[in-house]
Amino acid sequence: MAVVTITEGEFRAAQTVFGLQENAPGTAYFVEAVSSDNNYEVVLRRAAAQGNIEAGQAVGASVEDFRPEYVLLVGTAGGSGKDHGQVGDVVVADVVEYYEHRKYVGGRDLARRTPCDQPSLFLRERFVEPLRVDGSWLAHIPAAYARPDPGVPKLLIGEIVAGEKLLGDADNAYQAAVMTVYDKALAFDMESWGIAKEIYQHRGTPGYNPQYLVIRGLSDIVSDPVNEDQRVRWRDYASAAAAAVAYKVVGVLVETTEPEW
Amino acid sequence: MPRTEWRSTQSPSGALRQLHSKISEGVESRADPEPHFSYRVAWSGDYDLLFRGMSSDVTDVSELHERAKRSGRVILCARGGGAKTVILHRLAKRAFHSGDVPVLVNLKKWTEPLYKRWTDLREDGLERAAFLMAELSEPRIALHEVESLPPDTPRVILVDGLNEVGLRTGNSILAALDALVRRSVNTCTIVTDRLVRRDLPNADRWQLATVQPLTDEEIGRHVKARFHSTAILDDPQTRALLATPYFLDVLLREGRVASSGSQAIHDYFVRHVSLTSAELTSASVAAFRAYTDDRTRVFNIAAFARDAGEAVWQKLLAAGAVIAMNGTAYFTHHLKHDYLASIYLSANQDRWERNAFGIITLGASSFDAVALALEQLRTPEDADLFVRRVYDWNPYAAAYAAAEGLSRLSVKVSEQMQVVLLAMLGERRWDLIETSAQRATDALSIFPGADARRVREAPSLEAICEFLRAFSPEPDWFRRWRDLFIRATGSPASDEDLGLLTEADSIIGWTSANVLKRLALTEQQLHGLRAQLPQADPTTRWRVAHVLGAFPTSPNAALLLAVAQDDPDEWVRYGAIRSLVELAALAPSHELRHTVFTGIANSVTSLIADRRRLEEFERAIFIRRDRSPADWVRAAGIVIEALYNQTVDVDRREHWVRLAHAFTTKYSSQLAM
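Quantities reported herein were computed from a predicted structural model and do not represent experimental measurements. (Residues numbered from 1 in each chain as written. Chains lettered and ligands numbered in written order. Predicted model: local features only at pLDDT ≥ 70, side-chain atom pairs only at ≥ 80, totals over all residues.)

### A short note on the overall build of chain A
Worth spelling out the cut-off: Secondary structure elements are defined from DSSP: runs of H or I of at least 4 residues count as helices, runs of E of at least 2 residues count as strands, and each element is numbered from the N terminus. Using C-alpha atoms as the atom set, the radius of gyration is obtained and then compared with a globule rule of 2.2 Å times the number of residues to the power 0.38. For every residue, the other C-beta atoms within 10 Å of its own C-beta are counted; 20 or more classify it as buried, 12 or fewer as exposed, and values in between as partly exposed. C-beta atoms are placed from the backbone. By the criterion used throughout, residues are in contact when their C-beta atoms, derived from the backbone, lie within 7 Å.
Per the secondary structure count, chain A includes six helices and 11 strands. Against the globule reference of 18 Å for 261 residues, chain A gives a C-alpha radius of gyration of 18 Å, in line with a compact fold. Principal-axis analysis of the C-alpha atoms places the extent of chain A at approximately 60 × 45 × 35 Å. The burial tally for chain A puts 50% of its 261 residues in the buried class. Restricting the contact set of chain A to residue pairs at least 6 apart, pairs at least 24 apart contribute 78%.

Here it is, written out as structure tokens:
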């Protein structure tokens, strides 16, 4: 299994929650303990920077190096405020959309679509949905990651929309247009499409069937007037909450034997 | 890092058995040429080290496959005749016998119609890799056949002759192979190429190796076995020539010592193919025309036979110099075709121009024909003139041709001309545009001798001028050139200096353009240049555009914007776009920079339609980081955004996103400001 994070804070949170402290020498990967045969149950790495391209590159490298059956993109995103999503909650994508491909012609704004993979139904139904109901993931948020305000985070499942811009200005016309078009989106980020596209491209080979999930802690609400302050206050906790969900999914997967087809 | 091998519990499938028998036939039918030479390869961490001849270790060729398995991708570089193909065939056999599945892709069989089909294929999928295998693998193996194998069967895609296709196509082939290795289970690739710096996708995952010259011991062993004496190796020129496997092989087969590479191939055509002098001439015309018409190593037999004469064609065929297939053919070694074409080029001074150079090098991919032509020029005057003309077209090609000949001690280029070449390349080391500086350093790196090293390592332009002062100021042309080149930076330019831009002598003309950029020009002189530009011939217009880029004023920007878009000559437009970027980088204010890039963005439709200009723009915006203005990303970024917005095709859009990404990453510290 490969876990990919983007920011330093997301990486540290995942490293703490998963206990993956050892660096495989000469690589970007962190593992529980270095092994000579290069086989690991879980590897963790950071993308080089924010953005769909970097996320895709990190996922592509992980796939080439380990051929993981499962890839999890874990970190933070801006929430839309829909479905009662609040800062500190975690959103797991059931669908990933990309809002940047558009054509402006004759006064019209037309969406353009490119193929990409969608998050794993198998992982969502078998592993995420039970967590949403039983809340067992909450126990894995490290105490060191204190919640800025009282409350209990929720696990939501819904649409995540990706682009190349960090949305955070309620008055911005482009952001408003994006939120209008994707009126059901629970979160916005800058990397989900990168993993969706990269995993799609690895479907060109028969015999390899990678499954992926996007797990995002809400560090802010994009249309909140105090968005920037919010993000600064909540990003560490949101990172840890997302990592806790990922950890629980991975834990169950590792414990579970391979499904019999 | 070593990549984890994919494990599967599947037993070998029928697909594997079927493929096994097909590959077995192909691999076993290729006999290793006799006598059997021992080759070694040197490993370099990157192109900088490779060009400097610096390696971490030297190994046997079998290590190529081992490292490819570990990192996925290896490029094997060598000069022409360096035994790349032989090595690749050995690797195929070795891989096959160790249970891997080797697929040989022969780019020498690339034909002109394939260019169109290649560019029509999507850039980001495996379509292009599948196309390469479907069209050019030997034996013919489809990608899906390989992908149907059990996942634990290692596959190695051996691609021979990246330099056999145009530079741009070569780079996109590397991208296709990179995608294949990334996506296909248990797959690695080894690609042979010339000493050419490539834009490597996933650069840190490629391993670079260079075929080493044959050792004196190896040469001596074979020479002794053939001639029962090694006396011929007392001649340093012969020894230098025989370090190249192709020429040692020719010697052992033909039994005659040649004075140069071109002489060795000449002997082959005369003695082995039995061509008369007149027939050689007609074959050379046909060979040149074949490159002109087909732009590939594969040519049309009917056209060749028509140009060369049926008798010549039959002789070539009977002697085994060419391989025919379905109405087309190719020479058994590209040096044979290159040599014939080079006879035509060296004999026709009026063809020493960029168009012919582009033809004979397959679009600046392979410079052997230029080097062979240079070897055939008998006088220093001719050799110098040829080098000047080649330099005008492509400085790297001039350096390669001169360096190749000098290392074989077989060219007549004068010492003065060598110095001119070195100094002009040396000045480019400080070019604002990074790729220009890098190419110059690469060219200097392949040049043999202490002078080249001195120029390559000179700490400043002044140090190069100092180096030039040590040479005797003779003959007159050299003194004139040197006096011009060593003009002190910032000193006033005279009207006479400006007049040199129209010089027919390209060395003086271009040196004056370069020197004027570092002199002080008055506004009146700049006005004079601007006024001169519309009426001048294309070469002068290009030189003037080149100079104006160094003087960041609004009138210069306005004129260059107009020239970049409207000049009828594509090289002038090319020069103007480059100068515009330079002018913008040097501009003292954001406003002028903004004016330049807004101007380019406003004419982005014409930029997209003009491929050479567009590619130069993409290269030029990557200026040296230490000289980039603080607002460089913000200013130049608007053009990339305009290119993106103007593009409908999703693949091309992705291209602009990636360019924007590379651009912003390079100057990322600006974004934090």
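### Here we look at the overall build of chain B
Within chain B one finds 37 helices and 10 strands. Rg of the C-alpha trace for chain B: 26 Å, near the compact-globule value of 26 Å for 673 residues, within the 12% margin. For chain B, the proportion of its 673 residues judged to be buried stands at 46%. Across chain B, contacts joining residues at least 24 apart in sequence account for 71% of those joining residues at least 6 apart.

### Points about the sheet that holds strand β8 (residues 299-300) of chain B
Inclusion rule: Two strands form a pair only when DSSP identifies at least two bridges running between them.
Strand order across the open sheet formed by three strands is β8-β10-β9 (chain B), with antiparallel pairing between neighbours. The open sheet is flanked by β8 and β9 (322-325) of chain B, the only strands paired with a single partner.

### Re the sheet that holds strand β2 (residues 57-60) of chain B
Residue and element names in this part refer to chain B. The following threshold applies: Here, axes are lines fitted to C-alpha atoms. For helices the fit covers the stretch in contact, and angles between N-to-C directions go from 0 to 180 degrees.
On the basis of which strands lie adjacent, the open sheet formed by seven strands has the order β2-β1-β7-β3-β6-β5-β4 and mixed pairing. On the outer flanks of this sheet lie β2 and β4 (101-106), each paired with one strand and no other. Taken over all neighbouring pairs, the strand axes of this sheet differ in orientation by 25° on average, direction set aside. Strand direction decides the pairing type here: strand β1 (residues 40-44) and strand β7 (residues 206-211), joined by four bridges, are antiparallel. Paired with Val41 across the strands is Val211, a residue of β7. Relative to the sheet, helix α8 (residues 167-183) contacts β3 (73-77), β5 (155-160) and β6 (187-193), its axis offset from that of β6 by approximately 160°.

### Examining the domain arrangement of chain B
All names here are of chain B. Stated formally: For each domain, the first and last residues come from an automatic or database assignment. We call Asp, Glu, Lys and Arg charged. Ala, Val, Leu, Ile, Met, Phe, Trp, Tyr, Cys and Pro are nonpolar, and the rest, Gly among them, are polar.
Per the domain assignment, the segments making up chain B are domain 1 (14-211), domain 2 (216-257), domain 3 (272-413) and domain 4 (487-671). Averaged C-alpha coordinates put domain 1 and domain 3 at centres separated by 27 Å. Contacts between the two partners involve 15 residues from domain 1, matched on the other side by 16 residues from domain 3. In terms of residue class, the side of domain 1 that touches domain 3 is built from three nonpolar, six polar and six charged.

### A closer look at helix α16 (residues 334-347) of chain B
Quick note on the threshold: An expected span of 1.5 Å times one less than the residue number is assigned to each helix.
For α16(B), which comprises 14 residues, the first-to-last C-alpha distance of 20 Å matches the rise-based estimate of 20 Å (1.5 Å per residue) to within 8%. Counted residue by residue, α16(B) has 13 buried out of 14 residues, so it is predominantly covered.

### So, helix α21 (residues 415-428) of chain B
All names here are of chain B. Between its first and last C-alpha, α21 extends 20 Å over 14 residues, near the 20 Å set by a 1.5 Å rise per residue. Along α21, 12 of the 14 residues are buried, which leaves the element largely enclosed by surrounding structure. Listed in full, the buried residues belonging to α21 are Gln416, Met417, Gln418, Val419, Val420, Leu421, Leu422, Ala423, Met424, Leu425, Gly426 and Glu427.

### So, the interface of chain B and chain A
The extent of an interface is frequently quoted as the accessible surface area lost upon association of the parts. Each partner contributes residues to the interface: chain B has 20 residues there, and chain A has 22 residues. The set of elements that each furnish at least two residues to the side of chain B that touches chain A consists of α8 and α36 (650-666) of chain B. Take the side of chain B that touches chain A: its biggest share by element is four residues, from α36(B). Taken together, the residues that form the side of chain B that touches chain A break down as nine nonpolar, six polar and five charged.

### Topic: the confidence of the model for chain B
Any residue range with low pLDDT should be treated as having predicted coordinates unsuitable for detailed reading. What counts is decided by this rule: A residue's pLDDT is the confidence the predictor assigns to it, expressed on a 0 to 100 scale.
In this model, chain B carries a mean pLDDT of 91, and residues with pLDDT of at least 70 account for 97%. ipTM for the predicted complex: 0.83, alongside a pTM of 0.84.

### Topic: the environment of Gly528(B)
Residue and element names in this part refer to chain B. Structurally, Gly528 can be placed in helix α28 (residues 523-532). Here Gly528 falls in the partly exposed class, since 15 other C-beta atoms lie within 10 Å of it. Spatially, the C-alpha atom of Gly528 lies 9.1 Å from that of Leu498, the residues being 30 residues apart in sequence.

### Section: the pairing of strand β9 (residues 155-162) of chain A
All names here are of chain A. Where burial is concerned, most of β9 is hidden: six out of the eight residues are buried. In this sheet, β9 lies alongside strand β6 (residues 90-98) in parallel orientation, the contact comprising eight bridges. Its bridge partner lying in β9, Val90 is registered against Leu155. Where β9 meets strand β10 (residues 185-189), four bridges bridge the pair, whose relative direction is parallel. Of the residues in β10, the one forming a bridge with Glu159 is Ala185.

### Overview of the confidence of the model for chain A
This prediction gives chain A a mean pLDDT of 91; 98% of its residues lie at or above 70. Predicted confidence in chain A is weakest over strand β7 (residues 102-105) of chain A, with a mean pLDDT of 72, and strongest over strand β1 (residues 2-5) of chain A, with 98.

### Some words on the packing of helix α30 (residues 554-566) of chain B against helix α31 (residues 570-586) of chain B
Residues and elements named next belong to chain B. Here is the rule we go by: For any pair of crossing helices, the crossing counts as left-handed if the nearer helix is rotated counterclockwise from the farther one by less than a right angle, and right-handed if it is rotated clockwise.
At a closest axis distance of 8 Å, the pairing of α30 and α31 adopts a crossing angle of 145°. Every pair of crossing elements has a handedness; the one defined by α30 and α31 is left-handed. From α30, Asn556, Ala557, Leu560, Leu561, Val563 and Ala564 reach across to α31, where they touch Val572, Arg573, Ala576, Ile577, Ser579, Leu580 and Leu583.

### A word on the environment of His20(B)
Residues and elements named next belong to chain B. Residue position: His20 is located in helix α1 (residues 14-29). Note on His20: 16 C-beta atoms within 10 Å, which makes it partly exposed. Separated by 360 residues in the primary sequence, His20 and Pro380 have C-alpha atoms spaced 56 Å apart.

### Things to note about the pairing of β1(B)
Both β1(B) and β2(B) contribute to a ladder of four bridges, which runs antiparallel. Bridge pairing links Ala42(B) to Val58(B) in β2(B).

### Quick word on the environment of Glu228(A)
Positionally, Glu228(A) belongs in helix α6 (residues 227-255). As a C-alpha pair, Glu228(A) and Tyr29(A) span 199 residues in sequence and 31 Å in three-dimensional space.

### Things to note about unusual backbone geometry
All names here are of chain B. The omega torsion across Glu34 and Pro35 is -5°, close enough to zero to call that bond cis. Position of Pro35 among the secondary structure elements: in the loop between α1 and β1. We note that Arg295 has phi near 55°; this positive angle belongs to a residue other than glycine. Note on placement: Arg295 falls in the loop between α13 (277-294) and β8.

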